[in-house]
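Tertiary structure, described
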Amino acid sequence: MKTALLLPIYLCLLVFVHYYGANGYDTLERALRVKHLKRSPMDHATNNDHRDEYTYPPVDVGPQDGLKDADKISELPGQPDGTDFDQYSGYVTVDPDHGKALFYYLTESPINSSTNPLLLWLQGGMGCSSLGYGAMMELGPFRVNADRKTLSRNKYAWNNISNVLFLESPAGVGFSYSNMSETGDAIIANDSYAFLLNWLERFPEYKKRDFYIAGEEYAAHYISQLAYSILQKNKMANQTVINIKGIALGNPLDDYGTSETGTYEYLFSHAIISDEIYEGIVSNCNFSYGGKRGSVCNYYRGQAKALLSNIEQNDIYAPLCSPLANSTPSVTGGWLLTGGLRVLSDGASDGGQWLWSDQVSGFDPCSETYIRGYLNTPAVQQSLHAKPVNSWEHCNWNLVENWTDMPFTVLPWIKDLMASGIRVWFYSGDLDVKCPFTSTKHSISTLKTSVKTPWYPWMYEGEVGGYAVEYQNLTFVTIRGAGHTVPSYQPGRALHVYASFLEGTLP
């Protein structure tokens, strides 16, 4: 196995990169510092040494008889009337020797569930919940209201056009659990594969179904390595063949070097950092693998970090969560005041007009608080067939201290997936500063693929929904007005892009 010491790139990750939630970064930054001091035994940057770093242990497929029926959700507390699709949730044991079980939540399609494809959604973080974020805050069928007790229907849910399987991974995240503290990219890939084989025995009707994987941020690591594992294991005899058709990576963290380079470009181009700070970073920081950075580099990076302290980094133009917030904005649109100079007390304006627009983000920046309250309700945990927990949290940052491998880049895996012929899409909300579209463009340049369809604006309901470019074996789409968690901010546009991804057509 080829190995290398973890280099100082991990020592000083930016405040605005690679985390969810308002308080997440400080914990993650400390954990990454711990990881740097421990020196990871597995970190590669070249394009030819990743295949032999991972082993594929045999998967223990346990009996699944009767478990599907037991996992069916009769009703979630506060669920709106008229819910017209089946839901399932429960545990799949992936490592009996270490008491490791992963929690899942399946939302089937209201129409054509027996023929629609299956999407596996994985969350980033690293170590964050696909139930709390993906299902409850992004692409799932419900949103948690501000009362923390009731749910509203999301008419742009992705289960409208596919069956969606949310997996809380790695073990230790959300309701998933393990007796083993050690985790890492390779372990997560093996556990996720073991989950799929066991889950498909529990739900055999999905065995031959078209299968896709999507997720965002650090999930680019999970998705690329899991997809690669599936393709390798599909070649083995007497092995369940998973009919993988494609992957979609949202605002991906796929390479630490391109991530930092692109982030500073984004900050500079959006008038957040000064010319002097940007020039100082460009002149003194080398973000490539093994690149040198000294006190001058870190000084300018610290200056950039300070300028972001009061900005919502998921969406640089969105408000911060206010403790006075007590309402839930609609997930279907918002009100625009056009032409008016002054808003009157009754909501009218002198000289303007209120117009309802689906193009306005209705995302509530306090959504995490509502979700945390809902999922910590005993009745909710019982309805989900989850083991009772005293304090469910969106992310488990303690996992990072026991992370065994964290590759500097997963672009080699992505390049292999492109060559395999499966669909590979990158999509980016253009208001995200954590993993901005500028970083993704640098990653695409590193992949050295040629353009098939040049950059163009794509339309949604009569307006520019974003921009797209098609490469050989790769498609990149931006979503205008969307933040880090794209479906949260622009649910209609996100669903439009997802439908194009499934169809294999440009938006």
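First things first, this report covers the structure right here in the doc. Counting from 1, residues in each chain are numbered in the order their sequence is written. Residues qualify for local features only when their pLDDT is at least 70, as the model is predicted, and side-chain atom pairs are given and counted only at 80 or more; totals for whole chains, interfaces and linings, by contrast, use all residues. Water and hydrogen atoms play no part in the side-chain values, which are based on all heavy atoms of the structure.

**So, the pairing of strand E13 (residues 463-471)**
Quick note on the threshold: Paired strands, in this sense, are two strands between which DSSP finds at least two bridges. Comment: elements are numbered from the N terminus, with helices defined as DSSP H or I runs of at least four residues and strands as E runs of at least two.
The pairing of strand E12 (residues 451-460) with E13 spans seven bridges and is classified as antiparallel. When the sheet's bridge partners are listed, Tyr 456 is paired in E13 with Ala 468. Between E12 and the antiparallel strand that follows it, E13, lie two residues; Glu 461 among them carries a positive phi value of about 50 degrees. Inspection of the sheet shows E13 paired to strand E14 (residues 474-479) by six bridges, in the antiparallel sense. Residue pairing across strands places Ala 468 opposite Val 477, the latter belonging to E14.

**Side note on the sheet that holds E14**
In any sheet, the strands associate via hydrogen bonds between backbone groups, in a parallel or an antiparallel arrangement. Applied cut-off: Between N-to-C directions, angles cover 0 to 180 degrees, with each direction set by a line fitted to C-alpha atoms, over the stretch in contact for helices. Residue contacts are counted whenever heavy atoms from the two residues lie within 4.5 Å of one another.
As summarised here, the arrangement of the 10 strands in space is E1-E2-E6-E3-E7-E8-E11-E14-E13-E12, forming an open sheet in which the pairing is mixed. Of all the strands in the sheet, just strand E1 (87-95) and E12 have a single pairing partner and so form its edges. Between one strand and the next, the sheet's axes are offset by a mean angle of 20 degrees, whatever the strand orientation. Bridge count for E1 against strand E2 (residues 100-107) is eight bridges, and the pairing is antiparallel. When the sheet's bridge partners are listed, Gln 87 is paired in E2 with Thr 107. Relative to strand E6 (residues 163-168), helix H3 (residues 130-138) is tilted by about 145 degrees, and along the sheet it contacts E2, strand E3 (118-122), E6 and strand E7 (211-216). Contacting strand E8 (244-250), strand E11 (423-429) and E14, helix H11 (residues 411-420) runs over the sheet at an angle of about 130 degrees to E11.

**Concerning the state of the cysteines**
So the rule is basically this: Throughout, disulfides are identified as pairs of cysteine sulfur atoms within 2.5 Å of each other. Note on exposure labels: buried denotes an accessible area under 20% of the residue type's maximum, exposed denotes more than 50%, and partly exposed covers the range between, all computed with a 1.4 Å probe on protein chains only.
Counted according to the given criterion, the structure contains three disulfides. Each disulfide pairs two cysteine sulfurs, and for Cys 128 the partner residue is Cys 395, the sulfurs being separated by 1.9 Å. Because the torsion about its S-S bond is 100 degrees, the bridge between Cys 128 and Cys 395 counts as right-handed. Here Cys 395 lies in the loop between helix H10 (378-383) and H11 and Cys 128 lies in the loop between E3 and H3, a separation of 267 residues in the sequence. On the basis of relative accessible area, Cys 128 is assigned to the buried category, the value being 0%. Between the sulfur of Cys 321 and that of Cys 366 lies a disulfide, 2.1 Å long from S to S.

**Focus: the pattern of salt bridges**
Cut-off, in case you're wondering: Salt-bridge detection follows one rule: a side-chain nitrogen of Lys or Arg within 4 Å of a carboxyl oxygen of Asp or Glu.
Scanning the entire structure with this criterion turns up 12 salt bridges. With its nearest N and O atoms 2.9 Å apart, the salt bridge here joins Arg 153 to Asp 84. Here Arg 153, found in strand E5 (residues 151-153), pairs with Asp 84, found in the loop between helix H2 (67-71) and E1; they are 69 residues apart in sequence, far enough to count as distant. Take Arg 153: its relative accessible area is 30%, and that puts it in the partly exposed class. For the salt bridge of Arg 301 with Glu 260, the shortest nitrogen-to-oxygen distance reads 3.0 Å. With Arg 301 in helix H8 (residues 295-307) and Glu 260 in helix H6 (residues 256-269), this residue pair connects regions lying 41 residues apart in the sequence. Residues Arg 301 and Glu 260 agree in their burial class; the two are buried. Salt bridges linked by common partners bring Glu 260, Arg 293 and Arg 301 together as one network.

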